[in-house]
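Given next are the chains, with one letter for each unit.
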Amino acid sequence: MTDPTPAVRDRVLSLPSAELPAYLYDLAALRHHAATVRAALPARVELYYAAKANPEPEILAALGPHVDGYEVSSGGELAHVAKAVPGRPLAFGGPGKTPDEVTAALETGVERFHVESEYELRMLAELARQVAPGRKVAVLPRVNLPVADGSLAGSSLAMGGRPTPFGMDPARAVTVIGALADGTYRQLELRGIHAHLASGLEAPEQLAVAETVVDWATSLGVPLAEVNVGGGMTVDYADPERRFDWTAYGKGLARLTEAHPELTLRIEPGRALTAYCGWYATEVLDVKHSHGEEFAVVRGGTHHLRTPAAKGHDQPCSVLEVDAWPYPWPRPAAEDDHVTLAGQLCTPKDVLARRVPAPGLRAGDRVAFSLAGAYAWNISHHDFLMHPRPGFHFLDATG
Ligand SMILES: *Cc1c(COP(=O)(O)O)cnc(C)c1O
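Calculation rules
Residues numbered from 1 in each chain as written. Predicted model: local features only at pLDDT ≥ 70, side-chain atom pairs only at ≥ 80, totals over all residues. Heavy atoms only, no water. Helix = DSSP H or I, 4+ residues; strand = E, 2+ residues; numbered from the N terminus. Rg over C-alpha atoms; globule rule 2.2 N^0.38 Å. Buried < 20%, exposed > 50% of the residue type's maximum accessible area, 1.4 Å probe, protein only. Phe/Tyr/Trp six-rings, centres within 6.5 Å; stacked < 30°, edge-to-face > 60°. Lys NZ or Arg CZ within 6 Å of the ring centre and 35° of its normal. Domains from an automatic or database assignment. Contact = heavy atoms within 4.5 Å. Buried area = accessible area lost by both parts, 1.4 Å probe. Salt bridge = Lys/Arg side-chain N within 4 Å of Asp/Glu carboxyl O. Polar contact = N/O pair within 3.5 Å; in protein donor to acceptor, adjacent residues only side chain to side chain. UniProt positions renumbered as here; feature names shortened; annotations may be inferred. Pairing = 2+ DSSP bridges. Axes fitted to C-alpha atoms, helices over the stretch in contact; angles between N-to-C directions.

- Named according to an unreviewed UniProt entry, the protein is Diaminopimelate decarboxylase originating from Streptomyces dysideae.

Set out below in structure tokens:
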């Protein structure tokens, strides 16, 4: 259980039923959290926000003062982020970049390309010649490095250290980096190395990854200005009050930057920056008992908040009781102390949280699901079953 912030709670209780479900983003809480993260990092570590976690323009703008730039992973994100936060540095990553996307990125003036393959490098070199003649383009080859056994043990999504379509095999990357350093690609400047090896890591695991990447990069014997060690800082959906240990991570990164005064380090978290500011709020429509288990069906479901279905967890939530019942028919209520919260979709996969402690939960009570600010609305299959879309509320106490 997590209690919504007072601003979120007040808004959830004041919305008419017909305006639920709704996403609520507490921008003041987001600013506060981002400032805390930034303060825990050494000055010489740059913080980019991975826009794919939540690209709402209000979120991108609220993060603006606390981040050094944004990581975009498609032509769509590139156009969207460039419009939402004009003039901010962008790094363009992601597998399968099309020639049109690379052309658009060159025209937009993207600061850095995270190059995913040898093919992409050759494409970029030729398009740079055509689209941006005479301009140097900064590239950071993305490398899929093996990491010491066990350091990715806690990872929920490993992108590196095993066969994946992400980045380059280290042996191939060495060849590519050598060619870049030799000036084979006249317009491409080898700015550094990029690696994003896993998501869902705690601070000690993240530091082990960062050390591995920096050691590998600096052992290449070519001049590098930057090493991007990726995102993937964990969010604990089972214990929503517990946060990634930014202080320990910042201290570890400080030791790394002191050991390598020539390097700028960069991180690009998504989830751990925005998950906490978002709430998906709804109301209970029906309550029933089935084969020994109590179910509440809520307005909306995993077509709006796919996170619990995608990750296989129970979305943390809190119940806000509503005493008013506007209908002439009887109000159903839970008989058990624990209730499984399901959505309106005709599939058994549409479960938001199992066996939530909610004694006496009634139709008309409201439920606020927390940790819904990242990989939530924007990863969901909105059109399945054609239910109405949620409302969106950006709460901003600071105006
Ligand atoms: C998704 C992604 C990130 C952000 O990952 P989080 O787990 O949200 O922190 C960073 N870098 C790259 C290349 C990514 O694909």
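Having seen it, we continue.
1. Things to note about the overall build of the protein
Turning to step 1, where the next piece is worked out: A count of helical and extended segments in the protein gives 11 helices and 19 strands.
Turning to step 2, where the next piece is worked out: On C-alpha atoms alone, the protein measures out to a radius of gyration of 23 Å, which is about the 21 Å that the 2.2 N^0.38 rule sets for 399 residues.
Turning to step 3, where the next piece is worked out: Dimensions of the protein along its principal axes, counting C-alpha atoms only, are 80 × 40 × 40 Å.
Turning to step 4, where the next piece is worked out: Looking at the 399 residues of the protein, the share that counts as buried comes to 55%.

2. Some remarks on the packing of aromatic side chains
Turning to step 1, where the next piece is worked out: Tallied over the full model, the rule gives 13 aromatic pairs.
Turning to step 2, where the next piece is worked out: Each ring, one from Tyr 23 and one from Tyr 280, has its centre 5.1 Å from the other, and the planes form 45°; the classification is tilted. With Tyr 23 in strand 1 (residues 22-26) and Tyr 280 in strand 13 (residues 278-290), the pair connects residues that are 257 residues apart, well separated along the chain.
Turning to step 3, where the next piece is worked out: Tyr 23 sits in the buried class, given a relative accessible area of 0%.
Turning to step 4, where the next piece is worked out: A network of ring pairs unites the aromatic residues Tyr 23, Tyr 25, Tyr 280, Phe 369, Trp 377, Phe 392 and Phe 394 as a single cluster.
Turning to step 5, where the next piece is worked out: Sitting over the ring of Phe 92, Lys 97 keeps its end group 5.4 Å from the ring centre.

3. Quick look at the domain arrangement of the protein
Turning to step 1, where the next piece is worked out: Domain annotation of the protein identifies domain 1 (6-23 + 276-395) and domain 2 (89-269).
Turning to step 2, where the next piece is worked out: Listed as interface residues are 9 residues of domain 1 and, on the opposing side, 8 residues of domain 2.
Turning to step 3, where the next piece is worked out: Carbon and sulfur atoms supply 65% of the area buried between domain 1 and domain 2, which totals about 690 Å² over both sides.
Turning to step 4, where the next piece is worked out: Contact with domain 2 buries surface across domain 1, with Tyr 276, Lys 311 and Leu 371 losing the most and accounting together for 70% of the total.
Turning to step 5, where the next piece is worked out: In this structure, the connection of domain 1 to domain 2 is made through 0 salt bridges.
Turning to step 6, where the next piece is worked out: At the boundary of domain 1 with domain 2, the tally comes to 0 residue pairs in polar contact (both at pLDDT 80 or more).

4. Some thoughts on the UniProt feature "modified residue: N6-(pyridoxal phosphate)lysine" (unreviewed entry) in the protein
Turning to step 1, where the next piece is worked out: Per the UniProt record, the feature "modified residue: N6-(pyridoxal phosphate)lysine" (unreviewed entry) sits at Lys 52.
Turning to step 2, where the next piece is worked out: Relative to the assigned elements, Lys 52 resides in the loop between strand 2 (45-50) and helix 3 (57-63).
Turning to step 3, where the next piece is worked out: Classification of Lys 52 as partly exposed rests on a relative accessible area of 36%.
Turning to step 4, where the next piece is worked out: Beyond its immediate stretch of four places on either side in the chain, Lys 52 contacts Glu 77, Tyr 375 and Asn 378.

5. A closer look at the sheet that holds strand 9 (residues 192-194)
Turning to step 1, where the next piece is worked out: Here we have 9 strands laid out as an open sheet, ordered 8-6-5-4-3-2-12-11-9, and parallel in their pairing. In the strand order of this sheet, the two ends are held by strand 8 (188-190) and strand 9, each with one partner. The mean angle between the axes of side-by-side strands here comes to 25°, regardless of whether they run parallel or antiparallel.
Turning to step 2, where the next piece is worked out: Note: strand 4 (residues 90-92) against strand 5 (residues 112-115), 2 bridges, orientation parallel. If you follow Phe 92 over to strand 5, its bridge partner there is Phe 113.

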